Amino acid sequence: MSDEPFDKEEFVAYFRDEAEELLQQIDGDLLRLEEFVDSGQADPEIVNSLFRALHTIKGSSGMLGFTEVQGLAHKLENLCDLLRKERMPLSEGSVEILFSGRDFLTDLVQAAIGQSASPSGLIEFTGRLDQFVAIYNETSNVIEGRAPDRGDGGNSAGSEPMNEAEIAAFEAEVERLLAEAATTSPPAPTLPTTPVESVLATPRATAVTAAPARGSAENADAKKGAPQGKRSSLAQTIRVDIDRLDALLNLVGELVINRTRISDIATTLGRLMGDRALKASIGLIGPLSKDLADSAALLARTTNEIQESIMKVRMVPIGQVFDRFPRTVRDVAKARGKEVQLQISGADTDLDKTIVDEVGEPLMHLLRNCVDHGIEAPDERERQGKPRMGTIALNAYHEGNQIIIEISDDGGGINLDKVRAKAIKNGLIGTEDRLTDRELIELIFTPGFSTAEEVSDVSGRGVGMDVVKRNITKLKGIFDVDSAPGQGTRFTIKLPLTLAIIQALLVRVVDELYAIPLDSVIESQRVEMPDVRTVHGAEVITLRGQVVPLLRIADFFELGGERDPEKVMIVIVGLQGRQVGLVVDSFEGEQEIVIKPLSDVVGRIPGISGATILGNGSISLIIDVHSLVSDAYAGGKVTRAEFSGV
């Protein structure tokens, strides 16, 4: 027997990951199961999936000594067993108590692995759960002629089961007693009379339908019907700590830098070899230069393949995040008395694991906002000629080297009159200010801004939309909003596939070399000075009928240098429908760069998002397009230029 100590931490980490996946699966199964409540008949495949998930959690937690997790999983497993064996009808009560049990199970798992305190109210819930299960346990015992568990001398194991007439009479008596107990305090009869709905103590609320992802539903059906295939698939995968992948990606970044450097050296040697004056003195250097060029090309090809493979390893389906949302939409809709269906598509779209971990919270807030602010109450929708049930669509897809995430609803849209009135009240704008619809929408991202008439547990405190935009910006993303009164609102998020390696346009300003992320570049051009106008102290140009403000990089970073009196070189960058012309001295071409964050010693520099090391070993700062665009549009100068007819 091995003398090595039992490494519990490794098993706890595995249990945490496995439990998280299983709890997410339970949520999805319960949402699907809820759709069968009206029929009163549970889908056996869904119930079996629930039973297997709870059984797995029970076994894993028991092995690690997590007795509270094991105990609750066992009790919920018993309830699923009653549904599975058709000893309990599917009802809103049974689904609600399973939802509550799933939440308590999640809290217990977090407490067991040391990430939170033990949840309160657990004893009361397990008491209700025990009573709920006991009702149907004893009912099925009597109907099937088995001895009850009470030990009160009921039917003996050998007694004959009741005939159909006796069963019908018994069920009618149970229904009568349950209905009576729902409004009065029942006496202590010989039959179990604890009211099912009162055991739950959960008020009935409007249901919400969660439409599965286009590809997810098929996958779910495949999984529930073929557990052996799933186990075989799992055997082909391994769990890798994300820190190890980060370290590997950093090494690949260094390899990319050195690849570029070697390529530059080979190019320089090749250029020198073309100089006739040097050919005679070069001697054996010629063949070596050719070998270096060939090796550099091979290294570039190999590095590209390694880089692509590493990026794919880090990619995970965004469905890992999307799977959390149907439950959230359901709960918020119930709390608000609304009917909402969530339609998910593109859940299999891949995204870097780092971004997936960070994008969940902003998306969660946007969905809650759609339910709370966007979708109207069912009666109101009916008066407007809309279906009583509102629809929220969540979609993800690739576009170039970006991922686009869209959240849209068919609700009332953003009330711009209310936004304007609140902005005037808060002193953000004056009564005489004329703002476009897009600029009014931008006001909702102001910290502390809210049009909610009352504070709720979902919204009304003015905290949220500004945080959403800040978090998306932190991920080097773009956040845009479109809204049509009475028709709904669409939120669009554009994110890079990875935050580590990007394509950039290199530009020179005075003696410095800067990198501009190519995702933000619309075009680059040379503009004659007579085409540059000054409005309210700011330089602008008119590009295809649109006023575009200019921002001189040399002035912004206080680099000095002389201005060209005849022409300016401009890089047009765009963000959320706004365009800005960055004035530079020259264009140095495109290059793949590795983003290096600025150290804590340097701190945050306005207008700079990071740095990169170029092939020649020099350092180039990366332009923060978002902050430069915001600075160019600050104070409404561009808006006033538009109204003045520039």
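Residues numbered from 1 in each chain as written. Predicted model: local features only at pLDDT ≥ 70, side-chain atom pairs only at ≥ 80, totals over all residues. Heavy atoms only, no water.

Engineer: So what's going on with the overall build of the protein? Residues and values would help.
Structural biologist: Counting secondary structure elements, the protein contains 22 helices and 19 strands. When the 646 residues of the protein are sorted by exposure, 43% land in the buried category. Counting contacts in the protein only where the partners sit at least 6 residues apart, residues at least 24 apart contribute 69% of the total. Of the roughly 33,600 Å² that the protein leaves accessible, carbon and sulfur atoms contribute 51%. (Helix = DSSP H or I, 4+ residues; strand = E, 2+ residues; numbered from the N terminus. Buried < 20%, exposed > 50% of the residue type's maximum accessible area, 1.4 Å probe, protein only. Contact = heavy atoms within 4.5 Å. Areas by Shrake-Rupley, 256 points an atom, 1.4 Å probe, with all protein chains shown as cover.)

Engineer: Outline the side chain of Glu539, listing residues and values.
Structural biologist: With respect to the secondary-structure elements, Glu539 resides in strand β13 (residues 538-543). Only 2.9 Å separates the side chain of Glu539 from the side chain of Arg552, close enough to count as a polar contact. Ignoring sequence-local partners within four residues, the contact set of Glu539 consists of Val532, Arg533, Thr534, Pro549, Leu550, Arg552 and Arg563. (Polar contact = N/O pair within 3.5 Å; in protein donor to acceptor, adjacent residues only side chain to side chain.)

Engineer: Run through the nonpolar core, naming residues and quoting values.
Structural biologist: Ranked by size, the top nonpolar core spans 51 residues in total, and within it Phe322, Ile405 and Phe479 carry the most contacts. The greatest single-element share of this core, amounting to nine residues, is contributed by helix α15 (residues 353-374). Setting aside residues no more than four positions away along its own chain, Ile405 makes contact with Ile318, Phe322, Val359, Leu363, Leu394, Asn395, Ala396, Phe491, Thr492, Ile493 and Leu495. Residues Phe15, Leu31, Phe51 and Ala73 belong to the second largest nonpolar core, which totals 46 residues. (Core = buried A, V, L, I, M, F, W, Y, C linked by side-chain atoms within 4.5 Å.)

Engineer: Lay out the packing of helix α1 (residues 8-34) against helix α4 (residues 92-112) in plain terms, naming residues and giving numbers.
Structural biologist: Between two packed helices, the angle of one axis relative to the other and the distance separating the axes together describe the packing. Where α1 contacts α4, the axes come no closer than 10 Å and their chain directions differ by 165 degrees. Between α1 and α4, the crossing angle belongs to the class labelled roughly antiparallel. Here the hand of the crossing between α1 and α4 comes out left-handed. Between α1 and α4, the contacting residues are Phe15, Ala19, Leu23, Gln24, Ile26, Asp27, Leu30, Leu31, Leu33 and Glu34 on the first element and Val95, Glu96, Leu98, Phe99, Arg102, Leu105, Thr106 and Val109 on the second. Its residues assigned to classes, the contact of α1 with α4 comprises 12 nonpolar, two polar and four charged. (Axes fitted to C-alpha atoms, helices over the stretch in contact; angles between N-to-C directions. Parallel < 35°, antiparallel > 145°, perpendicular 65-115°, else oblique. Left-handed = near helix turned anticlockwise from the far one by under 90°. Nonpolar A, V, L, I, M, F, W, Y, C, P; charged D, E, K, R; others polar.)

Engineer: Requested: an account of the packing of helix α2 (residues 44-63) against helix α3 (residues 67-84), with residues and values cited.
Structural biologist: Contact geometry of α2 with α3 gives a least axis separation of 8 Å together with a crossing angle of 160 degrees. The angle between α2 and α3 falls in the class roughly antiparallel. Crossing of α2 against α3: the hand is left-handed. For the pair α2 and α3, the contacting residues are Val47, Asn48, Leu50, Phe51, Leu54, His55, Ile57, Lys58, Ser61 and Gly62 in the first and Val69, Gln70, Ala73, His74, Leu76, Glu77, Cys80, Asp81, Leu83 and Arg84 in the second. Per-class residue counts for the contact of α2 with α3 are 10 nonpolar, six polar and four charged.

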